[in-house]
Amino acid sequence: MVDNEIKPELYKCKNCGKTTDPELFIKNFRVCSKCGFHDNVPARERIKMTIDEDSFEELWGKLISTDLLGFSDSKPYSDRIVETIKKTGENDAIITGLAKIYGHKIALGVMNFEFIGGSMGVVVGEKVMRLAELAKEENIPMIIISQSGGARMQESVFSLMQLARLSGAIKRFQSVDGLFISVICHPCTGGVSASFAFQGDIIIAEPGALIGFAGPRVIEQTIKQKLPPGFQTAEFFLEKGFLDKVVDRKNMRWMLGKLISLLLSIPMEGVEA
Amino acid sequence: MIYLDFEKPVVELETRLEDFRKQAISRSMDLTESIQSVQAQIEERLHEIYSNLTPYQTVQVARHNSRPKLIDYVKFMTPDYIQLHGDRRFADDLAMWTSVGSLDGKTVFIIGHNKGRDVKENIKFNFGMAHPEGYRKAMRVMELADKYGAPVITLLDTPGAYPGIGAEERGQAEAIAVNIRDMFGIKVPIITVVIGEGGSGGALGIGVGDRVLMMRYAMYSVISPEGCASILFRDGTRFRETAQMLKLTATDLKGCGLIDEIIDEPIGGAHRKPIQAMSLVKEAIKRHIKELLAIKEPITEYRYNKYRSLPPKLD
C-alpha cells in the first residue's frame, strides 16, 4: 500500500447522499445499499447482469440511423448521430440479440438511455420488429428492457410509424402464444411506453422508475398544478393495476428465469426444482 | 368566417363582394359583372395563397375551427348513423366518437377524434384529446366491426392524447399501446383519413389503417411544432422553424412514402367549401374500401406487410 495513492472517487447516492466505494456499488447492481435507490445501469452492464454468462449473441448491431429529414436543432441531426455513436460506443438506443437465461434461449432487447435519451427512431423500431419476428420464428420468449424518453423527434413521422411497425410484429408473435416479458426501467415515457413497454404478457418495473404516457412537465403545464409526490412511479402503476410486479434489480434475473420456467413449464438450469 | 393572418389579401375582396351583394339587393342594381369579377379575383388570390402555404400555415389551416369536423363527416357519409357509447369499463369519452351507419348502402363503422367547432363544444369534447377510455371504446367498436364484417373508417383530428392525472392513472400509455397492437388483428379493412390535426400517438392510437390518406391541408406529426420548439430550443415561439423541420404536411409525408394518398381540398381549404371537401373524402374512402375488399390475401397479412415495408429500408 502506497500512502499517497489516490483513492477512487466515491459514489454518492443521488437519493440519500450516502457514499459508497464505486466497485461495491457496481457489485450491488448500482443500487444504494442504504436507501435502495436504483441508479442508471449502462446497457451492456444490464445485459451482463440479466443473462447467463457469455451467452449473448448480438444481432443487427450495425444498423445506424440517417438524417432522413435534414433535421437540425442546436446541431444538425447527422452530427448528433455521429457524436453520440462516438461518445457511447453504441450505434443506437437499443441492443438486441439472442441470449440464455437459466439455460433457456431468449430474444433480448435492452435499451440504452445514453443514446439520445433512449429515443425511438427508425433503428429502434426496426430492431424491435425483427426481434419479435425472430422470437416467433424460433419459438422462444422475448424480453425487452425499456428505458426511453419516447419517440425521436428528429425522425418525426418516421419515428411515429415505428410504433405501428413493431406493434404489428409483437401482435403476430403473441397471437401464436409467444411469451413477451416487458421490463420497464427509469424513465420510460412517450412512444416506448405507448407501444412495446405496455404490450408485454407480463409487465415488470424497477422500483422508483418514472413511467407514463406524458412526462410530468407536460402534465403540469397542461393542468397548471403540481403533481402529487410519487405520481407516475412504478409503485403508482402497480397500485393502479398496470404492472404485474415491481421487482428489485438484484432479483430481476431470477424473476425473469422463474417466470419463463413457470409459464413454459420448463426447468431452470442450475436451480433445484 | 374566421380569417387566418395570411388570408388578409382576401378579406378586403370578400368585404367588397359583400358590399356589391348588398347594393344589388337594396338598390335593385344589376351588379352581376362586378360580383363575378371580384369572385374570380378571390379565387385567384386564394389559389395563389394556398399553393404557397408554409408548413406552419398548413398547421393553422389543419386546426381551423370552421373546417369540417368529425360529426360533419359522419352526418354526410352515413346519414342513418347510430352513435355507440362507452368503453364498458369506466366511462364514455366524448373526445372519441364511434358510430355505425351505412355508406351508400354498405354498413361501416366510423371512429374518430371529436373536435368541437366552438369553445362550448370543445370544452365538452376536451378539444378532441381522448382519455384511455376513449381508446378502449374505439377498440371495442373495432372488434364489433370485425365481428360483423363491416369496414372501419377512422378519422384523425387531435392535438394528441390528453396528458392529465386521470389519463395517466387509467393507463393512457397502455390503452394506446394495446390499440396500436390489436389493430393489427382486426380482420376487416381499415381506412384512416387525417382530416385535420394528426397529433402523434394519440392519433396513431386509432390510425393503423390499411390505407392512410391525408387531406391536402391536414398535418401529421410525432409532436406538435410548439411542443417540439419548447423541447429542442427551450423556446415555444420557434414553432415556425420546427413546423418546417418536422415534415408534417401531406405533401412532405407523401414524398417520404409514409402515407398512401393526398385527398385534394377545394381552393382556399375545406373550411370554405365543406360539402365539396367532404365529397372528395367520401369518394376516396369508397374507392379504397372497394380496392381492399378485392384483395385476396388475408387483410391482416396485407396490413402487416404494408407497415413492415414502410421506408426507409435498412440493411
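Values in this document were obtained by computation on a predicted structure and should not be read as measured data.

J.: Talk me through the overall build of chain B; I want residue IDs and the actual numbers.
T.: From N to C terminus, chain B includes 14 helices and eight strands. Judged by the C-alpha coordinates and their principal axes, chain B covers about 65 × 50 × 45 Å. The 315 residues of chain B split such that 49% are buried. For chain B, the share of sequence-separated contacts (at least 6 apart) that also reach a separation of at least 24 residues comes to 71%.

J.: So what about the interface of chain B and chain A? Which residues, and what values?
T.: Counting from both sides, the interface comprises 41 residues of chain B and, opposite them, 39 residues of chain A. Elements with a minimum of two residues in the side of chain B that touches chain A: α7 (165-169), α8 (172-182), α9 (200-204), β7 (219-221), α10 (225-232) and α14 (299-308) of chain B. The element contributing the most residues to the side of chain B that touches chain A is α8(B), with eight residues.

J.: Could you give me a rundown of the pairing of strand β5 (residues 190-199) of chain B, with the residues and numbers involved?
T.: Residues and elements named next belong to chain B. The element β5 is largely enclosed, with a buried count of 10 among its 10 residues. As paired elements, strand β4 (residues 152-158) and β5 share six bridges and run parallel to each other. Note on β5: the bridge partner recorded for Leu155 is Val193. Across four bridges, the pairing between β5 and strand β6 (residues 211-215) is parallel. Across the sheet, Ile191 pairs through a bridge with Arg211, a residue of β6.

J.: Describe helix α9 (residues 249-264) of chain A, naming the residues involved and giving the relevant values.
T.: Residue and element names in this part refer to chain A. Between the first and last C-alpha of α9 there are 23 Å, a value that for 16 residues agrees with the 22 Å anticipated at 1.5 Å per step. Buried positions along α9 lie against α2 (43-50), β4 (94-101), β5 (104-111), β6 (142-148), β7 (180-188) and β8 (202-205). Looking at the residues trailing α9, positive phi occurs at Ser265, about 50°.

J.: Let's hear about the sheet that holds strand β3 (residues 57-59) of chain A: which residues, and what values?
T.: All names here are of chain A. Strand order in the open sheet formed by seven strands is β3-β4-β5-β6-β7-β8-β9, and the pairing between neighbours is mixed. Lying at the two open borders of the sheet, with one neighbouring strand each, are β3 and β9 (245-246). Pairing between β8 and β9: two bridges, direction parallel. Looking at β9, one finds that Ala205 is bridged to Val246. Its contacts with the sheet put α9 on β4, β5, β6, β7 and β8, and the angle it makes with β4 is roughly 65°.

J.: I'd like a description of the domain arrangement of chain A, backed by residues and values.
T.: All names here are of chain A. With domains assigned, chain A is organised as domain 1 (1-39) and domain 2 (40-264). Relative to domain 2, the C-alpha centre of domain 1 lies at a distance of 27 Å. Counted by class, the side of domain 1 that touches domain 2 contains three nonpolar, two polar and two charged residues.

J.: I'd like a rundown of the nonpolar core, residues and numbers included.
T.: Ranked by internal contacts, the top residues of the largest apolar core, which has 151 residues, are Ala132(A), Met142(A), Met214(B), Met215(B) and Ala218(B). With 10 residues, helix α5 (residues 156-175) of chain A is the largest single contributor of residues to this core. Once residues within four sequence positions are removed from consideration, Ala218(B) is found in contact with Ala62(B), Val194(B), Ile195(B), Gly196(B), Gly198(B) and Ala250(B).

J.: Outline the pairing of strand β2 (residues 96-103) of chain B, listing residues and values.
T.: Strand residues, when the strand is regular, have side chains that alternate between the two faces of the sheet. All names here are of chain B. Counting buried positions along β2 yields six of eight residues, so the element is predominantly enclosed. Here β2 pairs with strand β3 (residues 106-113) via eight bridges, running antiparallel. Looking at the pairing, Ser99 lines up with Ile110 of β3. Count of turn residues in the β2/β3 antiparallel hairpin: two residues, of which Asp104 carries a positive phi of about 45°.

J.: An account of the packing of helix α4 (residues 122-138) of chain A against α5(A) is needed here, citing residue identities and associated values.
T.: Residue and element names in this part refer to chain A. It is the contact of α4 with α5, at a shortest axis distance of 8 Å, that shows an interaxial angle of 5°. Our classification of the angle between α4 and α5 gives roughly parallel. Taking contact as the criterion, the partners of Val122, Val124, Gly125, Val128, Met129, Ala132, Glu133, Ala135 and Lys136 in α4 are, on α5, Phe158, Gln162, Arg165, Leu166, Ala169, Ile170, Arg172 and Phe173. Residues belonging to the contact of α4 with α5 are distributed by class as follows: 11 nonpolar, two polar and four charged.

What counts as what
- Residues numbered from 1 in each chain as written.
- Chains lettered and ligands numbered in written order.
- Predicted model: local features only at pLDDT ≥ 70, side-chain atom pairs only at ≥ 80, totals over all residues.
- Helix = DSSP H or I, 4+ residues; strand = E, 2+ residues; numbered from the N terminus.
- Buried ≥ 20, exposed ≤ 12 C-beta atoms within 10 Å, placed from the backbone.
- Contact = placed C-beta atoms within 7 Å.
- Pairing = 2+ DSSP bridges.
- Expected span 1.5 Å × (residues − 1).
- Axes fitted to C-alpha atoms, helices over the stretch in contact; angles between N-to-C directions.
- Domains from an automatic or database assignment.
- Nonpolar A, V, L, I, M, F, W, Y, C, P; charged D, E, K, R; others polar.
- Core = buried A, V, L, I, M, F, W, Y, C linked by C-beta atoms within 7 Å.
- Parallel < 35°, antiparallel > 145°, perpendicular 65-115°, else oblique.

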